[in-house]
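Examination of the molecular architecture
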Amino acid sequence: MPILNVKISAEKNPQLTKDIATLLLELTSRVLKKKPEVTAIAIDYVPPDSWIIAGVPLSEQNKNSVYFDIKITDETNTKEEKAQYIREAFAGFARLLGNLHEESYIYVQDVRAASYGYGGLTQEYRYQHG
């Protein structure tokens, strides 16, 4: 039941949106073992002249960048799985966007089961009531 909030330095593009969603859904399912049917992805586009790294807009650096966070239920993935996910996501965005700035961030956020849920039920409730 993860939610992914994605920001990319690009002009809005429907095909890129589909490609990003495909990449993240596949990775989230395969590496983190999350169910695709309850995975949500929100993608925001930021113009490269509005994305600043080290005081210089990406448009002047001829680079692209990405930031995304994914919220997952705490204790459902290992450190190794999260490290693999970050590594493969960075490589996937490098392929999709090209010339990816090293200062692109991916944040796997472990959220307590009693504090996180969907459909009006916490993950803790779902665990307790299987």
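Please refer to the structure higher up on the page.
First, a word on scope: everything that follows refers to the structure included in this document. (Residues numbered from 1 in each chain as written. Predicted model: local features only at pLDDT ≥ 70, side-chain atom pairs only at ≥ 80, totals over all residues. Heavy atoms only, no water.)

A word on the side chain of serine 65. Turning to its location among the elements, serine 65 is positioned in the loop between helix 2 (58-61) and strand 5 (66-73). Given the relative accessible area of 0%, serine 65 is considered buried. Only 3.0 Å separates the side chain of serine 65 from the side chain of serine 104, close enough to count as a polar contact. Apart from the residues within four sequence positions on either side, serine 65 is in contact with Lys7, Ile8, Ser9, Trp51, Ile53, Leu58, Leu97, Leu100, His101, Glu103 and Ser104. (Helix = DSSP H or I, 4+ residues; strand = E, 2+ residues; numbered from the N terminus. Buried < 20%, exposed > 50% of the residue type's maximum accessible area, 1.4 Å probe, protein only. Polar contact = N/O pair within 3.5 Å; in protein donor to acceptor, adjacent residues only side chain to side chain. Contact = heavy atoms within 4.5 Å.)

Once that is clear, we can look at the packing of aromatic side chains. Scanning the model with the defined rule gives two aromatic pairs in all. Residues phenylalanine 68 and tyrosine 85 carry aromatic rings whose centres are separated by 6.2 Å and whose planes lie at 80 degrees to one another, so their mutual orientation is edge-to-face. Here phenylalanine 68 is found in strand 5, whereas its partner tyrosine 85 is found in helix 3 (residues 79-97), with 17 residues between them in sequence. Assigned by exposure class, phenylalanine 68 and tyrosine 85 land together as buried. Ring centres of phenylalanine 68 and phenylalanine 93 lie 5.8 Å apart, and the angle between their planes is 40 degrees; this geometry places the pair in the tilted category. Of this pair, phenylalanine 68 sits in strand 5 while phenylalanine 93 sits in helix 3, and the two are 25 residues apart along the sequence. The exposure class of phenylalanine 68 is buried, given its relative accessible area of 0%. Among the aromatic side chains, those forming a connected cluster through ring pairs are Phe68, Tyr85 and Phe93. Above the ring of tyrosine 118, the side-chain terminus of arginine 126 is found at 3.8 Å from the ring centroid. (Phe/Tyr/Trp six-rings, centres within 6.5 Å; stacked < 30°, edge-to-face > 60°. Lys NZ or Arg CZ within 6 Å of the ring centre and 35° of its normal.)

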